[in-house]
Amino acid sequence: MIVMCFRVIFIVLCLLLLPLKTVWSGPINKATESVVAVLPVWPGGYRRPGNALEEPEGSAVAVLPGGYFATNAHVLGRATEVNIRLADGRLRSAEIVARDIRTDIALIQVDLNVPILELAPAPGIGERVCAIGNQFGLGLSVTCGVVSAVNRTNAGFNHIEDFIQTDAAVNPGGSGGALIDMRGKLVGLLSAIFTKQSDANIGVNFATSSLLLKRVIEDLRDFGRVRVGRLGWSLQALSPEERRNWSGVRVESLDPLGAAASAGVLLGDIVVSVDRRPIFRPSDASANVYMRRPGEEVLLGVSRENTIIQIEAKLAQ
């Protein structure tokens, strides 16, 4: 009788999950139409000097009208030419529009009509996501997992980071691919694999958030570079003793004519938030300020004499 009950429960669960499989597979299959393989052409061919193999290839995602694809700057490396390979095997030449080394994001353009992936806001922790990329140069494949963390700025790959961490399997060649939610919307650009001894997936992978991606690719398209807004400050991590009482980062130095000082920030203030995002380390503040352009205002949460003060500062160029 107990065995029969378990069988009934198993059958019911399978029937309940079957519609979900259909709901998920449609958007995921559709999203693969927006991802292509990237083949950078290095000086002298596809190899680095010394015959050290580059990544087997890479990936790119259609992100803006006009044939614009986002990929990683490290996928292109020193390449001056690049080809993309479509799902049916055809090759097309692409133009390298611009690179932003600080975020490891690059923009290429192809004379090709490919569906653009709609950007989605940051997913919740535990939410299901799928990675689409050209892993090991074998062609596009899909792996799925969950969101492990958001707003990672301390992975140590780039000067500016705003990563979504996922356990969806990503391997070399997947860089520049898409991290999508179950609606088939783009939540991040696959960017980095956290490894120890081998350059292969161990379940700690990173994708640049759609928010940072949008900020960078629009500037690369419009200006050929990212216009950086500046506050005119330097920040310092709190000491272990200070962190027993406070959370945030300390203002270590100020340009007296800079945006932060002009807005009322003082030396020794503890910055606890930028645009309402909590700040735990200097890299958090750098990433959040990078989201804004010169002339835009950022809202700074500052702790001064045990009181939280909200300060609006207009970013300088």
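As the structure is a computational prediction, the values presented were derived from the model and not from experiment.

Analysis parameters
Residues numbered from 1 in each chain as written. Predicted model: local features only at pLDDT ≥ 70, side-chain atom pairs only at ≥ 80, totals over all residues. Heavy atoms only, no water. pLDDT = per-residue confidence, 0-100. Contact = heavy atoms within 4.5 Å. Core = buried A, V, L, I, M, F, W, Y, C linked by side-chain atoms within 4.5 Å. Buried < 20%, exposed > 50% of the residue type's maximum accessible area, 1.4 Å probe, protein only. Helix = DSSP H or I, 4+ residues; strand = E, 2+ residues; numbered from the N terminus. Patch = residues over 30% accessible without salt bridge, like charges linked within 9 Å, V, L, I, M, F, W, Y side chains within 5 Å. Areas by Shrake-Rupley, 256 points an atom, 1.4 Å probe, with all protein chains shown as cover. Salt bridge = Lys/Arg side-chain N within 4 Å of Asp/Glu carboxyl O. Disulfide = S-S within 2.5 Å. Pairing = 2+ DSSP bridges. Polar contact = N/O pair within 3.5 Å; in protein donor to acceptor, adjacent residues only side chain to side chain. Phe/Tyr/Trp six-rings, centres within 6.5 Å; stacked < 30°, edge-to-face > 60°. Axes fitted to C-alpha atoms, helices over the stretch in contact; angles between N-to-C directions.

As for the confidence of the model for the protein
So, point 1. Summary statistics for the protein give a mean pLDDT of 89 and a share of 87% for residues scoring 70 or more.
So, point 2. Counting interchain partners and residues more than four positions distant, the pLDDT-below-50 stretch residues 8–22 has 0 contacts.
So, point 3. When the criterion is pLDDT under 50, residues 47–54 qualifies, and its contacts beyond four places in sequence or with other chains add up to 9 contacts.

Focus on the nonpolar core
So, point 1. Grouped together as the largest cluster of nonpolar side chains are 30 residues, with contacts concentrated most on Val-61, Val-63, Ile-180, Leu-213 and Ile-217.
So, point 2. Top element by residues in this core is helix H3 (residues 210–223). It accounts for 5 residues.
So, point 3. With sequence-adjacent residues up to four places away left out, Val-61 is seen in contact with Ser-34, Val-35, Tyr-68, Phe-69, Ala-70, Leu-117, Gly-176, Gly-177, Ala-178, Leu-186 and Leu-189.
So, point 4. Of all hydrophobic cores here, the second largest spans 19 residues; its members include Leu-231, Val-271, Leu-300 and Ala-313.

Some words on a nonpolar patch on the surface
So, point 1. Side chains of Phe-157, Phe-194 and Ile-202 sit close together on the surface and give an oily, nonpolar patch of about 250 Å² of accessible area.
So, point 2. Relative to the assigned elements, Phe-157 resides in the loop between strand E8 (141–152) and strand E9 (163–166).
So, point 3. On the basis of relative accessible area, Phe-157 is assigned to the partly exposed category, the value being 36%.

Focus: the state of the cysteines
So, point 1. Within this structure, the stated rule accounts for 1 disulfide.
So, point 2. The disulfide bridge from Cys-130 ends at Cys-144, spanning 2.0 Å between sulfur atoms. Of note, the bridge from Cys-130 to Cys-144 carries an S-S torsion of about 95° and is right-handed in sense. Note that Cys-130 is positioned in strand E7 (residues 128–133) and Cys-144 in strand E8, a separation of 14 residues in sequence.

A look at the pairing of strand E1 (residues 35–41)
So, point 1. Across the 7 residues of E1, 7 count as buried, placing the element largely inside the fold.
So, point 2. Where E1 and strand E2 (residues 58–64) come together, 4 bridges link them in antiparallel fashion. Bridging from a neighbouring strand, Val-38 pairs with Gly-58 of E2.
So, point 3. One ladder, built from 5 bridges, connects E1 with strand E4 (residues 81–85); its direction is antiparallel. Each bridged residue has a counterpart across the sheet, and for Pro-40 the counterpart in E4 is Val-82.

Here we look at the side chain of Glu-218
So, point 1. Secondary-structure assignment places Glu-218 in helix H3.
So, point 2. What makes Glu-218 buried here is its relative accessible area of 18%.
So, point 3. Among the polar contacts made by the side chain of Glu-218, one reaches the side chain of Lys-214 at a distance of 3.0 Å.

Brief notes about the packing of aromatic side chains
So, point 1. Overall, the coordinates contain 4 aromatic pairs when judged by the stated rule.
So, point 2. Residues Phe-157 and Phe-206 carry aromatic rings whose centres are separated by 5.9 Å and whose planes lie at 55° to one another, so their mutual orientation is tilted. Of this pair, Phe-157 sits in the loop between E8 and E9 while Phe-206 sits in strand E12 (residues 205–209), and the two are 49 residues apart along the sequence.
So, point 3. Assessed through its relative accessible area of 5%, Phe-206 is described here as buried.
So, point 4. Ring centres of Phe-194 and Phe-206 lie 6.5 Å apart, and the angle between their planes is 80°; this geometry places the pair in the edge-to-face category.

Quick notes on the sheet that holds E9
So, point 1. Taken in spatial order, the 6 strands of this closed barrel run E7-E8-E9-E12-E11-E10, and their pairing is antiparallel. Across the sheet, the mean angle separating the axes of adjacent strands is 45° when strand polarity is ignored.
So, point 2. Relative to E8, E7 runs antiparallel, the two sharing 6 bridges. Bridged to Arg-128 within E8 is Val-146.
So, point 3. H3 contacts strand E11 (186–193) and E12 of the sheet and is inclined by roughly 50° relative to E12.

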